[in-house]
Amino acid sequence: MIYPNISNSRGKVLSSYDRCLLWIIGLITILSDDWVCTKNSNDDRHAKLLLLRENQSTIYISEIFRTAEFSLDRLDYLILASFGMTNIKRRLIMFKFGRYSLSFTGFSLLLCIFSWLYLLNHNDWGTLVKDSRWRPETEKFNSFGDDLLPKLSYSAGGAKLQQFMLFGRENKDEEKMEFIKEMMIHAWKGYEKYAWGADELQPVSLSGKFWYNNSSLMSTPVDSLDTLWIMGLMDEYNRAKDMILENLDFDKIDRFVNVFETTIRILGGLLSAYDLEGDKKILKKASDLADKLLPCFETKSGIPVNFLNLKTGKFDSNSFNDYDSRATLAQAGSLQLEFQYLSDVSGNPIYSEKSLFALEQLVAAKKPLKGLYPLSIKQDALIFYEEEYSIGGGGDSFYEYLLKLWLSTGEERYWDLYEEAADAISEHLVKVSEAGIVYVPASRRVMGANSYWYREKTFQHLSCFVGGMLTTGALARKKGNWTEHLDIGVKITESCYRSYTKTSTGIGPDAADEFGNPWTFTFHLRPEVIESIFYLWRYTHDPIYREWGWQIAKSINKWCRLPSGFSGLLSVESFNEGFNSKTGEPMWPPDVNSWEEFNAKFSYPHNLVKSSAKYPYVDAITRLDVQESYFLAETLKYLYLLFSSDDTIPLEKYVFNTEAHVLSVRGHGRRSFPKEWSYLPLPKNLVSKYNKFGPVGLRRSFSLIDLDVGSVKS
């Protein structure tokens with residue numbers, strides 16, 4: 001048998017003994033596992049092989065090969081596990097070999113039997129039980145004190161996910177974690193100093209920003225709660241929590257608030273803080289807010305309006321004119337995760353009933369294409385408007401929540417809806433450019449004698465979350481077209497990161513073209529690229545993802561940091577005292593060539609300011625004068641978790657809402673006890689279908705409203 005030249009990550013050639021053991025383990029994984037290869041054709045990237053156990057990740061291995069020509073046409077290569085045999089710690093093994101043939105003989109099978117006996121009797125493998133399910137007796141959160149997060153059990157519930165990675169779960173980079181934590185402290189201190197009590201900090205004008213005139217929902221404190229807790233910043237957490245409990249009074253918000261933003265930021269932030277700490281006062285505050293929001297569902301169709309007066313419960317006076325009666329897909333279909341969770345932990349089913357009825361109404365509305373939902377729907381008629389499709393702004397979180405409702409509850413209904421949507425996105429919306437960029441552009445299907453698709457040649461930063469969504473759906477279930485979804489998710493994530501490498505600041509634009517170059521030059525401190533990178537790290541432990549995240553973190557800290565906090569940028573291209581470092585010319589935005597044109601085009605409410613003596617901290621022509629609350633809720637949280645251990649907010653037991661607020665899934669955390677779960681409402685004609693998946697007692701039927709004929713349908 002011919003051995004390739006194998007060395008570990010330190011360049012030391014392994015002994016014959018270690019080499020034989022690694023070959024044996026490789027044989028085991030090949031003979032007992034399914035596999036899928038995601039290959040990148042570029043010579044400067046590695047082909048990645050994911051070996052996936054058929055029965056939910058008993059062995060899950062990501063290995064990196066220094067060749068882009070790796071092939072799985074035949075089992076010609078031995079795939080070896082990426083951990084050293086001396087201390088069973090995960091290491092990166094590099095393989096340098098030509099094409100060698102592997103003979104599967106009886107001798108090899110005998111070696112496999114002996115190696116299984118070795119593994120089952122080894123100290124670190126002792127809990128690998130006969131049914132090949134991994135059941136650790138205890139779980140620890142080692143990145144910051146074990147006492148900060150609730151200890152979770154492996155009781156049945158949710159999607160019943162097992163660990164995505166068995167080995168290297170304690171892999172963390174404490175130095176980079178501290179770097180991100182310092183960024184969070186800096187952002188929080190700026191808010192405390194200049195904007196305490198406001199929704200957001202304006203770091204250039206050194207003031208607070210209120211979303212609704214002088215009424216504040218305290219977006220930054222609420223959005224920051226779970227991030228502060230996860231990072232172990234308990235003094236800051238307690239100050240934020242005390243201010244919220246003492247001063248956030250929804251009865252005083254006599255303004256029309258954005259229901260979607262209020263739900264994902266404020267309700268989601270409160271529920272996440274309750275999930276982590278368990279303080280009933282926070283749950284009471286969340287329930288009060290949800291009660292104030294419930295009137296949004298009181299429409300003919302049950303589809304919620306998006307602007308509601310929190311004090312009076314009345315709709316915006318324009319809610320039902322010809323334009324404003326339209327609800328975007330994300331607004332109508334992204335309230336369900338938070339409301340359903342609240343029903344489970346509060347015991348009040350009304351939140352689940354109202355929100356999930358709205359979802360089923362959306363699903364029941366007539367659609368031109370199976371699995372795809374146009375961007376806007378008329379609430380009082382339940383009719384979708386033009387065939388415009390997007391997973392960017394206006395549509396993104398709807399698809400995200402189909403998957404996360406399944407992860408959160410384990411209800412097969414939501415998996416079926418997600419799988420149908422993922423297949424449709426892959427078939428109709430995903431595009432590959434000549435430059436190899438894989439992206440999902442906004443698209444429109446134009447009907448007529450010769451119908452055709454019009455797809456934009458750009459993609460939004462907002463759409464980059466889909467890399468994490470598709471890989472999560474693929475690896476959590478490994479069903480249907482999961483290998484295709486996995487491959488697309490990996491490639492979209494790489495394409496989105498490539499847009500960061502195309503700018504001289506190392507920061508990605510709000511939109512990029514089909515070559516990855518900036519299309520719109522602004523940067524709003526967005527998290528979506530980092531989000532997908534985080535998920536791919538958790539699923540593969542490929543170090544390239546941590547490297548990408550680290551480059552992004554350093555760039556944000558360099559270009560967006562001010563002494564007062566962090567700001568967005570009008571241009572992601574480099575500048576020096578207001579001038580391009582390459583050409584020496586002013587860094588004008590697109591279609592702007594002078595200060596006069598700039599001042600005419602960019603004025604309030606864009607909150608853009610020119611560098612001047614009045615604002616000595618500004619080192620560029622313009623900055624976006626707002627430290628977005630989601631920067632603390634999402635961007636910094638995902639960066640911190642990227643460098644933390646896998647058991648810091650384990651993905652098998654938590655889902656993130658679309659504002660990155662963590663909510664435990666059924667069977668874990670605050671939802672550990674099935675008797676406390678609220679029932680799930682399903683249309684009458686579907687209850688019998690899904691009851692076969694059990695448990696029967698947790699579903700109740702209802703009738704949908706058919707507005708086209710003015711009747712009720714089952």
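Residues numbered from 1 in each chain as written. Predicted model: local features only at pLDDT ≥ 70, side-chain atom pairs only at ≥ 80, totals over all residues. Heavy atoms only, no water.

Visitor: Please provide a residue-by-residue account of the overall build of the protein, values included.
Guide: Summing up its helical and strand segments, the protein has 19 helices and 31 strands in all. Counting all 714 residues of the protein, 61% fall into the buried class. Per element, the accessible surface of the protein, about 28,100 Å² overall, is 50% carbon and sulfur. (Helix = DSSP H or I, 4+ residues; strand = E, 2+ residues; numbered from the N terminus. Buried < 20%, exposed > 50% of the residue type's maximum accessible area, 1.4 Å probe, protein only. Areas by Shrake-Rupley, 256 points an atom, 1.4 Å probe, with all protein chains shown as cover.)

Visitor: Lay out the packing of helix α10 (residues 350-364) against helix α11 (residues 396-409) in plain terms, naming residues and giving numbers.
Guide: Running from N to C, α10 and α11 cross one another at 120 degrees; their axes reach a closest spacing of 13 Å. One element, α10, and the other, α11, form an angle in the oblique class. Two packed elements cross with a definite hand, and for α10 against α11 that hand is left-handed. Residues Leu356, Leu359 and Leu362 of α10 lie in contact with α11, whose contacting residues are Phe398, Leu402 and Leu405. Residues of the contact of α10 with α11, tallied by class, amount to six nonpolar, no polar and no charged. (Axes fitted to C-alpha atoms, helices over the stretch in contact; angles between N-to-C directions. Parallel < 35°, antiparallel > 145°, perpendicular 65-115°, else oblique. Left-handed = near helix turned anticlockwise from the far one by under 90°. Contact = heavy atoms within 4.5 Å. Nonpolar A, V, L, I, M, F, W, Y, C, P; charged D, E, K, R; others polar.)

Visitor: Tell me what's going on with the side chain of Ser390, and back it up with residues and numbers.
Guide: Within the element layout of this structure, Ser390 appears in the loop between β13 (388-389) and α11. Those residues in contact with Ser390, other than ones at most four positions away along the chain, are Leu375, Gly395, Asp396, Tyr399, Ala442 and Gln460.

Visitor: Which residues make up helix α13 (residues 466-477), and what values do they have?
Guide: Over its twelve residues, α13 runs 17 Å from end to end, which matches the ideal 16 Å to within 8%, given 1.5 Å per residue. Extensive coverage of α13 is indicated by the burial of eleven of its twelve residues. Turning to α13, its buried residues are Val466, Gly467, Gly468, Met469, Leu470, Thr471, Thr472, Gly473, Ala474, Leu475 and Ala476. Looking one or two residues beyond α13, the residue adopting positive phi is Lys478, at roughly 50 degrees. (Expected span 1.5 Å × (residues − 1).)

Visitor: Can you explain the sheet that holds strand β10 (residues 326-328)? Please cite residues and give values.
Guide: With antiparallel pairing, three strands are arranged side by side in an open sheet as β10-β11-β12. The outermost strands of the open sheet, each flanked by one partner alone, are β10 and β12 (383-384). Pairing geometry for β10 and strand β11 (residues 376-378), over three bridges, is antiparallel. Residue Thr328 lies in a different strand from β11, and its bridge partner there is Ser376. (Pairing = 2+ DSSP bridges.)

Visitor: I'd like to hear about the pattern of salt bridges, residue by residue, with values.
Guide: The full count for this structure, using the stated rule, is 29 salt bridges. As a salt-bridge pair, Arg169 and Asp647 come within 2.8 Å of each other at their nearest N and O atoms. A residue pair is termed long-range when its members are at least 10 positions apart, and Arg169 in the loop between α2 (106-121) and α3 (174-194) and Asp647 in the loop between α18 (629-642) and β26 (654-656) qualify at 478 residues. Each member of the pair, Arg169 together with Asp647, is buried. Of the charged contacts, one joins Arg265 and Glu200 as a salt bridge, the two residues approaching to 3.6 Å between their closest N and O atoms. You can see Arg265 sitting in helix α6 (residues 259-277) and its partner Glu200 sitting in strand β6 (residues 200-202), a full 65 residues away along the chain. The pair Arg265 / Glu200 is uniform in exposure class, with both members buried. (Salt bridge = Lys/Arg side-chain N within 4 Å of Asp/Glu carboxyl O.)

Visitor: Let's hear about the sheet that holds β13: which residues, and what values?
Guide: Read from one edge to the other, the open sheet built from three strands follows the order β13-β16-β17, with strand pairing classed as antiparallel. One side of each edge strand has no neighbouring strand; the edge strands of this open sheet are β13 and β17 (452-455). Here β13 runs beside strand β16 (residues 443-446); their pairing, made up of two bridges, is antiparallel. What sits directly across from Tyr389, in β16, is Ser443. In the packing of helix α12 (residues 412-429) onto the sheet, the strands contacted are β13, β16 and β17, and the crossing angle to β17 comes to about 90 degrees.

Visitor: Which residues make up the environment of Gln202, and what values do they have?
Guide: Secondary-structure assignment places Gln202 in strand β6. In this structure Gln202 comes out as buried when scored by relative accessible area, which is 12%. As for Gln202 and Ser564, which are separated by 362 residues in sequence, their C-alpha atoms are 8.7 Å apart. Polar side-chain contacts of Gln202 include one of 3.4 Å to the side chain of Ser205. (Polar contact = N/O pair within 3.5 Å; in protein donor to acceptor, adjacent residues only side chain to side chain.)

Visitor: Outline unusual backbone geometry, listing residues and values.
Guide: Even without being a glycine, His541 presents a positive backbone phi close to 60 degrees. Within the secondary structure, His541 sits in the loop between α15 (528-540) and α16 (543-559). A positive phi angle, near 65 degrees, is found at Ala660, a position not held by glycine. Of note, Ala660 is situated in the loop between β26 and β27 (662-664). A relative accessible area of 0% means that Ala660 is categorised as buried.

Visitor: So what's going on with the nonpolar core? Which residues, and what values?
Guide: With 163 residues, the main nonpolar core has Tyr399 and Phe656 as its most contacted residues. Not counting residues up to four positions away in its chain, the partners in contact with Phe656 are Leu337, Glu400, Lys404, Phe534, Tyr535, Lys637, Tyr638, Leu641, Ile649, Leu651, His661 and Val662. (Core = buried A, V, L, I, M, F, W, Y, C linked by side-chain atoms within 4.5 Å.)

Visitor: Kindly report on the environment of Leu682, identifying the contributing residues and their values.
Guide: As for its position among the elements, Leu682 is in strand β28 (residues 680-683). With a relative accessible area of 0%, Leu682 lands in the buried category. C-alpha separation for the pair Leu682 and Leu356, spaced 326 residues apart in sequence, amounts to 8.1 Å. The contacts of Leu682, once residues within four sequence positions are left out, are Glu360, Glu411, Arg413, Tyr414, Val687, Tyr690, Arg699, Arg700, Ser701 and Phe702.

Visitor: So what about α11? Which residues, and what values?
Guide: Helix length check: α11, at 14 residues, gives a terminal C-alpha distance of 21 Å against a target of 20 Å (1.5 Å per residue), a fit within 8%. Of all the bends in α11, the greatest, near 25 degrees, is centred on Leu402. Among the 14 residues in α11, 14 count as buried, and that is most of the element. (Bend = angle between axes of the 7 residues up to and from the residue.)

Visitor: Give a description of the packing of aromatic side chains that names residues and reports values.
Guide: Any aromatic ring pair is given by two values, namely how distant the centres are and how the planes are angled relative to each other. If you walk through the whole model with that rule in mind, you get 28 aromatic pairs. A centroid spacing of 5.1 Å and a plane angle of 45 degrees characterise the contact between Phe566 and Phe631, whose relative ring orientation is tilted. With Phe566 in strand β22 (residues 565-566) and Phe631 in helix α18, the pair connects residues that are 65 residues apart, well separated along the chain. Just as Phe566 is buried, Phe631 falls in that class too. Taking NZ or CZ as reference, Arg477 lies 5.1 Å from the ring centre of Trp415, over its face. (Phe/Tyr/Trp six-rings, centres within 6.5 Å; stacked < 30°, edge-to-face > 60°. Lys NZ or Arg CZ within 6 Å of the ring centre and 35° of its normal.)

Visitor: Lay out the environment of Glu652 with the relevant residues and their values.
Guide: For Glu652, the location among the structural elements is in the loop between α18 and β26. For Glu652, a relative accessible area of 5% gives the class buried. Along the backbone, Glu652 and Val665 are 13 residues apart, and their C-alpha atoms lie at a distance of 8.4 Å. Engagement of the side chain of Glu652 in a polar contact is seen with the side chain of Arg169, the distance being 3.2 Å.

Visitor: Kindly report on the packing of helix α4 (residues 219-230) against α6, identifying the contributing residues and their values.
Guide: For the pair α4 and α6, interaxial distance at closest approach is 8 Å and the crossing angle is 30 degrees. By the angle between their directions, the pair α4 and α6 is classed as roughly parallel. The element α4 and its partner α6 pack so that their crossing is left-handed. Residues Ser219, Val222, Asp223, Leu225, Asp226, Trp229 and Ile230 of α4 pack against Arg265, Ile266, Gly269, Leu270, Ser272, Ala273, Leu276 and Glu277 of α6.

Visitor: Tell me about the side chain of Thr263, residues and numbers included.
Guide: Here Thr263 lies in helix α6. Each residue touching Thr263, except ones within four places of it in the same chain, is listed here: Gly268, Leu293, Leu335, Glu338 and Phe339.

Visitor: Could you give an account of the confidence of the model for the protein, with specific residues and numbers?
Guide: Across the protein, the average pLDDT comes to 76, with 68% of residues at 70 or higher. Every residue in residues 119-156 scores below 50 in pLDDT, and together they form 81 contacts with partners more than four places removed in sequence or on other chains. Per-residue pLDDT stays below 50 along residues 319-323; that stretch engages in 13 contacts with residues further than four places along the chain or on separate chains. (pLDDT = per-residue confidence, 0-100.)

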